[in-house]
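The primary structure of each chain is shown beneath.
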Amino acid sequence: MVTKEFDVAIIGATGAVGAEFVDLFAKRQFPIKNLRLLASPRSVGKQIEFQEEIITVAEADINSVKGADIVFFSAGAERSRRLAPGAVEQGSLVIDNSSAFRMDPTVPLVVPEVNLDTLTPGTRLISVPNCTAIILVVAVNPLRSLGAIDRLIVSAYQSASGGGAAVMDYLESDTRAFLDGSTRPTKPGLPPYAFNLFSHNTPVGENGYNEEEQKVIEESRKILGMPSLKVNVTCVRVPVLRAHTETVTVEFAGPAPSVEAVRACLAAAPGVRVVDDREANHFPTPAEASGQGDVLVGRIRQDLSNPNAISMLIAGDQLLKGAALNAVQIAEAYLAKFPDGK
Ligand SMILES: NC(=O)c1ccc[n+]([C@@H]2O[C@H](COP(=O)([O-])OP(=O)(O)OC[C@H]3O[C@@H](n4cnc5c(N)ncnc54)[C@H](OP(=O)(O)O)[C@@H]3O)[C@@H](O)[C@H]2O)c1
């Protein structure tokens, strides 16, 4: 049991994920004695309420986290690369939401339902995986108890909030302008967004996969501890404000388990809620996944084109389980294992 209270900092407190951290700390009664809310110079002086206290946002720099027991980084990879090693040196436990250290073999990449065993007493820097990868592995990992998995084929329907507060604003303002018939806004690097969808807006590499897809492939392998798992993924942004949806085909090394066995396995799995009512046509949606921590799984069926495979539809709130909630769960698990925070 955690009895100590901690000095906690959030770098990126004014962002889409940052706001979820503040909310979760209050809802989950995270053991906080002092909360530092940090962001860019643009946000200095902004006021944010936490447990009936008004906290003024300060600029994130290395001095602003001096003495903090735990620092949650949620302000992009560049900020993490610049400040996280120094924060660790100053004695903080760092939990990083960015991609900066995820593929560093010395840094645990953690989804608590899957690989908490990678946290050791010496761990001071922990990476939170890519949101699409987190939602995927929460639903796929339990199925390994039913047979060896050989390959995953995934299509991800990703919401605007995955791109942060600015992309959410763009979807909202473009939709309003489309419906009003007024001049539509533009955003560099993004196609028109209202009533449209587009291939994920990260650069495409020489192999034809974009950066988001490459992250899902590499990070899923690392989290699952399956370096040679075959993964094929396509990431598309859809005009949904919040929560990612994914179609997943799981190919087993041998004949696929029955639909009933998969459903029972997932119903008992931590962090999963089965939403699979064929009669009512009630299956996972981003709307139902929004604002709650479970990954919803449904449309569980045999792949008619492959006796070794099953297909399913999953949805998860990527600001919560795909980011802030996963990070807070890591911290809670760490403190349960190492109660004095060390
Ligand atoms: N959105 C998701 O679903 C999701 C999922 C998983 C991981 N992540 C990761 O989480 C991080 C935050 O994402 P987000 O969606 O919350 O983005 P966001 O809404 O754009 O927020 C970005 C945050 O970073 C801060 N920031 C930007 N430049 C800064 C600087 N120079 N110094 C200090 N702070 C700075 C911003 O402060 P200002 O408000 O002052 O600009 C803001 O608080 C990113 O690393 C992202 O990759 C996001």
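We now turn to the structure provided with this report. (Residues numbered from 1 in each chain as written. Predicted model: local features only at pLDDT ≥ 70, side-chain atom pairs only at ≥ 80, totals over all residues. Heavy atoms only, no water.)

1. A closer look at the sheet that holds strand E2 (residues 32–39)
Next, step 1: Ordered by their spatial adjacency, six strands build an open sheet running E5-E2-E1-E6-E7-E8, and the pairing between neighbours is parallel. The open sheet has two edge strands, strand E5 (58–59) and strand E8 (125–127), and neither has a second partner.
Next, step 2: Here E2 runs beside E5; their pairing, made up of two bridges, is parallel. Bridge assignment links Ala 39 to a residue of E5, and that residue is Glu 59.
Next, step 3: Sitting on the sheet, helix H1 (residues 16–27) is in contact with strand E1 (6–11), E2 and strand E6 (70–73), with an inclination near 155° to E1. (Pairing = 2+ DSSP bridges. Helix = DSSP H or I, 4+ residues; strand = E, 2+ residues; numbered from the N terminus. Contact = heavy atoms within 4.5 Å. Axes fitted to C-alpha atoms, helices over the stretch in contact; angles between N-to-C directions.)

2. Points about the nonpolar core
Next, step 1: Counting 88 residues, the largest nonpolar core has Phe 25, Phe 30, Phe 72, Ile 95, Leu 143, Val 250 and Met 312 as its most contacted members.
Next, step 2: Here this core gets ten residues from one element, more than from any other, and that element is helix H9 (residues 320–337).
Next, step 3: Beyond its immediate chain neighbours, meaning those up to four positions away, Phe 25 contacts Val 8, Ile 10, Phe 30, Ile 32, Leu 35, Phe 50, Phe 72 and Val 328.
Next, step 4: Of all hydrophobic cores here, the second largest spans 17 residues; its members include Ala 60, Ala 77, Leu 83 and Ala 87. (Core = buried A, V, L, I, M, F, W, Y, C linked by side-chain atoms within 4.5 Å. Buried < 20%, exposed > 50% of the residue type's maximum accessible area, 1.4 Å probe, protein only.)

3. Examining the packing of aromatic side chains
Next, step 1: All chains considered together, the criterion is met by nine aromatic pairs.
Next, step 2: Measuring from centroid to centroid gives 5.1 Å for Phe 25 and Phe 30, while their planes differ by 40°, and the two rings are tilted.
Next, step 3: Judged by relative accessible area, Phe 25 falls into the buried class, the value being 0%.
Next, step 4: Between Phe 25 and Phe 72, the aromatic rings sit 5.4 Å apart at their centres with planes inclined by 55°, giving tilted as the arrangement. Residue Phe 25 is found in helix H1, and its partner Phe 72 is found in strand E6; the two are separated by 47 residues along the sequence. Of the two residues examined, Phe 25 and Phe 72, each falls in the buried class.
Next, step 5: Grouped by ring-pair contacts, the aromatic residues Phe 21, Phe 25, Phe 30 and Phe 72 constitute a single cluster.
Next, step 6: When the ring centre of Phe 283 is taken as reference, the NZ or CZ atom of Arg 299 above it lies at 5.5 Å. (Phe/Tyr/Trp six-rings, centres within 6.5 Å; stacked < 30°, edge-to-face > 60°. Lys NZ or Arg CZ within 6 Å of the ring centre and 35° of its normal.)

4. Here's the deal with the packing of helix H4 (residues 131–140) against H9
Next, step 1: Running from N to C, H4 and H9 cross one another at 85°; their axes reach a closest spacing of 8 Å. Regarding the angle of H4 to H9, the classification is roughly perpendicular. Facing Cys 131, Ile 134 and Val 138 of H4, the residues of H9 in contact are Lys 321, Gly 322, Ala 323 and Asn 326.
Next, step 2: For the contact of H4 with H9, the per-class residue count stands at four nonpolar, two polar and one charged. (Parallel < 35°, antiparallel > 145°, perpendicular 65-115°, else oblique. Nonpolar A, V, L, I, M, F, W, Y, C, P; charged D, E, K, R; others polar.)

5. Brief notes about the site of the ligand
Next, step 1: The ligand sits among 26 residues. The nearest are Thr 14, Ser 40, Arg 42, Ser 43 and Ser 161.
Next, step 2: Here an oxygen atom of the ligand and a side-chain polar atom of Arg 42 are 2.8 Å apart.
Next, step 3: In this structure, Ser 74 approaches the ligand through a side-chain N or O atom, which is 3.4 Å from an oxygen atom.
Next, step 4: Surface burial for the ligand is 80%, taken as the share of its 900 Å² of free accessible area covered by protein chains.
Next, step 5: Among the secondary structure elements, those contributing two or more residues to the shell around the ligand are H1 and H9.
Next, step 6: Considering only residue class, the shell around the ligand consists of ten nonpolar, 14 polar and two charged. (Near = heavy atom within 4 Å. Polar contact = N/O pair within 3.5 Å; in protein donor to acceptor, adjacent residues only side chain to side chain. Areas by Shrake-Rupley, 256 points an atom, 1.4 Å probe, with all protein chains shown as cover.)

6. A word on the sheet that holds strand E11 (residues 230–237)
Next, step 1: The seven strands are arranged E10-E11-E9-E12-E15-E14-E13 in an open sheet whose pairing can be described as mixed. The open sheet has two free edges, formed respectively by strand E10 (198–199) and strand E13 (272–274), since each of these has just one partner strand.
Next, step 2: Where strand E14 (residues 295–302) meets strand E15 (residues 309–316), five bridges bridge the pair, whose relative direction is antiparallel. Bridged to Leu 296 within E15 is Ala 315.
Next, step 3: Against the sheet, helix H7 (residues 259–267) makes contact with E13, E14 and E15, and its axis sits at roughly 170° relative to E14, the strand it touches most.

7. Considerations on the pattern of salt bridges
Next, step 1: Tallying each qualifying case throughout the model produces 14 salt bridges.
Next, step 2: Across the salt bridge formed by Lys 230 and Asp 150, the nearest N and O atoms sit 3.0 Å from each other. Here the residue Lys 230 occupies a position in strand E11, and Asp 150 occupies one in strand E9 (residues 149–158), the gap between them amounting to 80 residues.
Next, step 3: Judged by relative accessible area, Lys 230 falls into the partly exposed class, the value being 43%.
Next, step 4: Overall, the relative accessible area of 28% leaves Asp 150 in the partly exposed class.
Next, step 5: Among the ionic pairs, Arg 263 bridges to Asp 276, the shortest N-O distance being 2.8 Å. Placement of Arg 263 in helix H7 and of Asp 276 in the loop between E13 and helix H8 (286–289) is noted, with a sequence separation of 13 residues between them. (Salt bridge = Lys/Arg side-chain N within 4 Å of Asp/Glu carboxyl O.)

8. Observations concerning the environment of Asp 174
Next, step 1: Among the secondary structure elements, Asp 174 is positioned in helix H5 (residues 165–180).
Next, step 2: With ten residues separating them in the primary sequence, Asp 174 and Arg 184 have C-alpha atoms 5.6 Å apart.
Next, step 3: Residues in contact with Asp 174, not counting those within four places in the same chain, are Arg 184, Pro 185, Pro 192, Tyr 193 and Ala 194.

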